[in-house]
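Coordinates in review
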Amino acid sequence: MGILELFIIALGLSADAFAVSVCKGLSVERIGFKNILTVGLYFGGFQALMPLLGFWLGSSFEALVTSVDHWIAFVLLGIIGLNMIKESRECAEKLDGSFGVRAMVPMAVATSIDALAVGITFAFLRVNIVPAVCFIGLTTFVLSAAGLWLGNKFGCRYKAKAELTGGIVLILMGLKILLEHLGFLG
C-alpha cells in the first residue's frame, strides 16, 4: 500500500472525528489551545490505537482467512463506508460541551470503531502497521483539531459532507483492493 492510498484511508477514517469535532466546537462558547490539543489527542490517539488492535486481531487469524482476505477487506470497507454515508443523512445529536474523560472517551471510541476493521484489513494486506497507525493518528489529530476550531467559528455546515465523502472514499478503497486482487487493476 502506497502513501497516497494510506493518506486517502486516513482521510476517510478521520471524517467521523472531524465531523464530531466540528459539532463539539459548536457546543462551547470559547475554545483554547488546551481544548484543541485535547480533541486532537483523544481522536488521533484512538484512531491510531484501533487499527493497531485490528491488525493484531487480523494477524492472529490470518492463516484461517488468507484465501478470502481480499473479500473481507472489500466487505469491511464497504460496510464502514455505507454506514458513514447513512450517518451523513441523519440529524446530528447535541454534544456535551465538556472536554473531560467522561465526555471524550465515548466519542473517541465511537469515531474510531471503523479503524478497528481497517486494521484487520491492514493485517491481510501486510501493511507496515507502525508507520500506518502513526500516519492515521496524526492525520486525525490535525483534522479533528481543525474541526473543533472550524465548528466553533463557522458551525456544523460541513458535518454531513465530511461523513459522506469519508464513506465514499472507504468504499472506493475496498473496491480497488478487490479489483487489484482479481487482476482487473495493475
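This section reports on the structure supplied with the text. All values derive from a computational prediction rather than experimental measurement.

Definitions and limits used
- Residues numbered from 1 in each chain as written.
- Predicted model: local features only at pLDDT ≥ 70, side-chain atom pairs only at ≥ 80, totals over all residues.
- Heavy atoms only, no water.
- Helix = DSSP H or I, 4+ residues; strand = E, 2+ residues; numbered from the N terminus.
- Rg over C-alpha atoms; globule rule 2.2 N^0.38 Å.
- Buried < 20%, exposed > 50% of the residue type's maximum accessible area, 1.4 Å probe, protein only.
- Contact = heavy atoms within 4.5 Å.
- Core = buried A, V, L, I, M, F, W, Y, C linked by side-chain atoms within 4.5 Å.
- Phe/Tyr/Trp six-rings, centres within 6.5 Å; stacked < 30°, edge-to-face > 60°.
- Expected span 1.5 Å × (residues − 1).
- Bend = angle between axes of the 7 residues up to and from the residue.
- Axes fitted to C-alpha atoms, helices over the stretch in contact; angles between N-to-C directions.
- Parallel < 35°, antiparallel > 145°, perpendicular 65-115°, else oblique.
- Left-handed = near helix turned anticlockwise from the far one by under 90°.
- Nonpolar A, V, L, I, M, F, W, Y, C, P; charged D, E, K, R; others polar.
- Salt bridge = Lys/Arg side-chain N within 4 Å of Asp/Glu carboxyl O.

1. Remarks on the overall build of the protein chain
- Within the protein chain, the secondary structure is distributed over seven helices and zero strands.
- Expected size for 186 residues packed as a compact globule is a radius of gyration near 16 Å; at 16 Å, the protein chain falls within 12% of this value.
- Principal-axis analysis of the C-alpha atoms gives the protein chain an extent of 55 × 30 × 25 Å.
- Sorting the 186 residues of the protein chain into buried and exposed places 47% on the buried side.
- Look at the contacts in the protein chain between residues 6 or more apart in sequence, and 95% of them connect residues 24 or more apart.

2. Here we look at the nonpolar core
- The biggest cluster of nonpolar side chains holds 25 residues, and the ones touching the most others in it are L13, V118 and F122.
- Sorting the residues of this core by element identifies α1 (3–26), α2 (33–60), α4 (69–88), α5 (101–125), α6 (129–154) and α7 (159–181) as the ones contributing at least two each.
- Apart from the residues within four sequence positions on either side, F122 is in contact with M1, L6, I9, F55, V127, I129, A132 and I136.
- I31, F46, F99 and M107 belong to the second-largest nonpolar core, a separate cluster that totals 13 residues.

3. A short note on the packing of aromatic side chains
- Evaluated as defined, the whole model comprises one aromatic pair.
- A centroid spacing of 6.0 Å and a plane angle of 65 degrees characterise the contact between F7 and F135, whose relative ring orientation is edge-to-face. With a gap of 128 residues between them, F7 in helix α1 and F135 in helix α6 connect regions that are remote in the sequence.

4. Section: α1
- The end-to-end C-alpha distance of α1 is 33 Å, a good match for the 34 Å that 24 residues give at a rise of 1.5 Å each.
- The principal kink in α1, of about 40 degrees, is found at S14.
- Where burial is concerned, most of α1 is hidden: 18 out of the 24 residues are buried.

5. Looking at the packing of α1 against α6
- Axis separation between α1 and α6 bottoms out at 7 Å; the angle between their running directions is 30 degrees. By the angle class used here, α1 and α6 are roughly parallel. Handedness of the crossing formed by α1 with α6: right-handed.
- The class makeup of the residues in the contact of α1 with α6 is 16 nonpolar, nine polar and one charged.

6. What about the pattern of salt bridges?
- If you walk through the whole model with that rule in mind, you get two salt bridges.
- Put simply, E5 and K176 hold a salt bridge, and the shortest N to O gap is 2.1 Å. Here E5, found in helix α1, pairs with K176, found in helix α7; they are 171 residues apart in sequence, far enough to count as distant.
- For K176, a relative accessible area of 24% puts it in the partly exposed group.
- Across the salt bridge formed by E180 and K176, the nearest N and O atoms sit 2.4 Å from each other. A residue pair is termed a helical-turn pair when its members lie 3 or 4 positions apart in one helix, as E180 and K176 do in helix α7 at four residues.
- Through salt bridges with shared partners, a single network forms among E5, K176 and E180.

7. A few points about the environment of L11
- The topology assignment puts L11 in helix α1.
- On the basis of relative accessible area, L11 is assigned to the partly exposed category, the value being 34%.
- It is 21 Å that separates the C-alpha atoms of L11 and F154, two residues lying 143 residues apart in sequence.
- Beyond its immediate chain neighbours, meaning those up to four positions away, L11 contacts T139 and L143.

8. Observations regarding the packing of α2 against α5
- As a packed pair, α2 and α5 sit with axes 6 Å apart at the nearest point and diverge in direction by 35 degrees. As α2 runs across α5, the sense of the crossing is right-handed.
- Tallied by class, the residues present in the contact of α2 with α5 amount to 22 nonpolar, eight polar and one charged.

Read these as geometric descriptors, not functional statements.
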